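# Tertiary structure, described
So the chains spell out like this:
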Amino acid sequence: MEVKASIKALLQNQVLHQSRPLQFQLGQIFYGTVQKLFPNHHAEIRLGNDKLIAKLEVPLTIGTGHWLQVSSNEGETKLKLLNQNIDSVSNKSLQENLLRQLSLPNDKLGLALAGYLMKEHIPLTKEDIHKSVQLLKITDNLELGLNTLKLMHEKNSPFNEAIFKSLIAAGTEVTTNELIKSLRTSLSFEQTTTHPVAREILSLLQTIEQHTSGPEKQYGRQEALMQIKQAVKYTGLFYERTLLNDSLSKDSFQESIKPLLVKFLHETQDFQHPKSRDFAEQLLYRMNGLQLLSTQDGPIQQMIYELPINIAGHQTELTMQWSGKKTAEGKINPDFCRIVFYLELEHLKETVIDMQVQNRVVTINIINENNSMKRVAEQLLPLLKSGLKEMDYHLSAVFFKQPESSPKQKENTSDYFQKSRSYNGVDIRI
């Protein structure tokens, strides 16, 4: 039940259930199937679960699939047939036909992209399809790359390398905490000849480690909250927002990882230690990618954070996914929301806490692969209930679940749930 698989799943599924009316841009190309024919060359075209009525330049046959291009979107949508003289052909022939029409190489990447556009019915302009082929060359994970292109389209993001690399980094298996450790090790090894900004980064990382490490102790609500606040400060999670508000002081700049990474990468184009630059770049891309995954659709907002923290002497990270409506003032509404926490704890290992709040009534699902979780945690539930009551929340129920482990799920999530492990000790702190 690894966090990395959860973030990867967000890339695959974040936009699948958002219903939006079809909106086409002039020149977009998509694969559609003719469902019905009407007079004056009008037809009903199906794109996956969506339908549209459009005027065609040439008559087509019901039930056939074609590459179509938007030739006009003013008033009624008008479509141009790309694969003329082809009526009923194999998927591979249709893929090859698109590549030929767009003067793209008939290779593995091109065929994979054309097949994905057919399967997912994604409309892209000729320019964006050409950019997509170039972007796929950056990653060796073709599946993740294709899912990332789809997400970029759904979010109306520019098809540029920076956004693509950021979302790819958010979906890879290496976590923020692992990248921080790798960067610290690399900079420590190179510190005698490193750049001044790199020394600042190393000093900050060492300071963070000193502040968060320590012997195991009983952590309460205030200690946990302080851990999260310090992690937000040190990572520079809201760095861009403070820049917009012109409130970033020199001291705060030197106390946050993100702005230092930006400065380091900007000033070390010819840096003689490419490994440190690579770790710094991957860390920055991952932080940016998680921010890009945060979305706002009308009053509904989703935010995703990944923060390095220390729980009772165990260095780990907290991934939090918050979704809900904002208040009229634009602030988070604490009365109605859903918060999902992903944690890898020292003894309990991978744990998901799914907390749903409705009118300040809280229902919690705790997902962990160990059979002893419910027995161990039940004695702490009264403390949880009283703690929530102090904050004017009512605990309705706590459910303990084991991860699903069907063969289909394992195949789709790359062993999302690992084999059960025995443990000694308890990580729960109220």
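### Observations regarding the pattern of salt bridges
Under the counting rule described, the total for this entry stands at 8 salt bridges. With its nearest N and O atoms 2.9 Å apart, the salt bridge here joins Glu 161 to Lys 165. Residue Glu 161 and its partner Lys 165 are located together in helix α6 (residues 161-171), separated by 4 residues, close to a single helical turn. Relative accessible area serves as the criterion here: at 42%, Glu 161 is assigned to the partly exposed category. The partner of Glu 306 in a salt bridge is Arg 286, with the nearest N and O atoms 2.8 Å apart. Here Arg 286 lies in helix α13 (residues 274-293) and Glu 306 lies in strand β8 (residues 300-311), a separation of 20 residues in the sequence. Neither Glu 306 nor Arg 286 differs from the other in exposure class; each is buried. Each of Asp 335, Arg 360 and Asp 392 takes part in a single network of salt bridges with overlapping partners.

### Quick look at the nonpolar core
In a soluble, globular protein the nonpolar side chains are often hidden away together inside. Core analysis: the largest hydrophobic core is formed by 35 residues, its most contacted members being Trp 67, Leu 113, Ile 129, Leu 149 and Met 152. Secondary-structure elements contributing two or more residues to this core are β1 (28-38), α2 (91-101), α3 (108-120), α4 (126-136), α5 (142-154), α6 and α13. Among the elements that make up this core, the one with the highest residue count is α3 (6 residues). Judged by nonpolar contacts, the second largest core, of 25 residues, contains Ala 231, Tyr 305, Leu 348 and Tyr 393.

### Here's the deal with unusual backbone geometry
Look at Asn 40: it is not a glycine, yet its phi comes out positive at around 60°. Along the chain, Asn 40 turns up in the loop between β1 and β2 (42-47). Judged by its relative accessible area of 60%, Asn 40 falls in the exposed class. Look at Arg 360: it is not a glycine, yet its phi comes out positive at around 70°. Structurally, Arg 360 is set in the loop between β11 (349-358) and β12 (361-368).

### What about the confidence of the model for the protein chain?
Overall, the predicted model of the protein chain reaches an average pLDDT of 80, with 79% of residues at or above 70. By mean pLDDT, the top-scoring element of the protein chain is α4 (97), and the lowest-scoring one is helix α16 (residues 407-412) (36). Confidence drops under pLDDT 50 across residues 14-19; counting only partners more than four residues distant or on other chains, this segment forms 10 contacts.

### Quick word on the pairing of strand β9 (residues 314-326)
Alignment of β8 against β9, held across 12 bridges, turns out to be antiparallel. Considered in β9, the bridge of Ile 304 is made with Gln 321.

### Some remarks on the packing of aromatic side chains
Tallied over the entire structure, the rule returns 2 aromatic pairs. Aromatic pair Phe 24 and Phe 30: ring centres 5.1 Å apart, planes at 25°, arrangement stacked. With a centroid separation of 5.6 Å and 65° between ring planes, the pair formed by Tyr 31 and Trp 67 is classed as edge-to-face. Taken as a pair, Tyr 31 in strand β1 and Trp 67 in strand β4 (residues 65-72) lie far apart in primary sequence, 36 residues in all. Each member of the pair, Tyr 31 as well as Trp 67, carries the same accessibility label: buried. We note Arg 360 situated over the ring of Tyr 393; from NZ or CZ to the ring centre the distance is 3.9 Å.

### Some points on the packing of helix α12 (residues 257-267) against α13
Running from amino to carboxyl end, α12 crosses α13 at an angle of 130°, the nearest separation of the two axes being 10 Å. Judged by the angle between their axes, α12 and α13 are oblique. Note on packing geometry: the crossing formed by α12 with α13 is left-handed. On the side of α12, the interface is formed by Ile 257, Lys 258, Leu 261, Val 262, Phe 264 and Leu 265, while α13 contributes Ser 276, Arg 277, Ala 280, Glu 281, Leu 283, Leu 284, Met 287, Asn 288 and Gln 291. Looking at side-chain class alone, the contact of α12 with α13 contains 9 nonpolar, 3 polar and 3 charged residues.

### Remarks on helix α7 (residues 176-190)
Its 15 residues place the ends of α7 21 Å apart at the C-alpha level, agreeing with the 21 Å of an ideal helix rising 1.5 Å per residue. Restricting attention to buried positions, one finds in α7 the residues Thr 176, Asn 177, Leu 179, Ile 180, Leu 183, Arg 184, Ser 186, Leu 187 and Glu 190.

Cut-offs used in this document
Residues numbered from 1 in each chain as written. Predicted model: local features only at pLDDT ≥ 70, side-chain atom pairs only at ≥ 80, totals over all residues. Heavy atoms only, no water. Salt bridge = Lys/Arg side-chain N within 4 Å of Asp/Glu carboxyl O. Helix = DSSP H or I, 4+ residues; strand = E, 2+ residues; numbered from the N terminus. Buried < 20%, exposed > 50% of the residue type's maximum accessible area, 1.4 Å probe, protein only. Core = buried A, V, L, I, M, F, W, Y, C linked by side-chain atoms within 4.5 Å. pLDDT = per-residue confidence, 0-100. Contact = heavy atoms within 4.5 Å. Pairing = 2+ DSSP bridges. Phe/Tyr/Trp six-rings, centres within 6.5 Å; stacked < 30°, edge-to-face > 60°. Lys NZ or Arg CZ within 6 Å of the ring centre and 35° of its normal. Axes fitted to C-alpha atoms, helices over the stretch in contact; angles between N-to-C directions. Parallel < 35°, antiparallel > 145°, perpendicular 65-115°, else oblique. Left-handed = near helix turned anticlockwise from the far one by under 90°. Nonpolar A, V, L, I, M, F, W, Y, C, P; charged D, E, K, R; others polar. Expected span 1.5 Å × (residues − 1).

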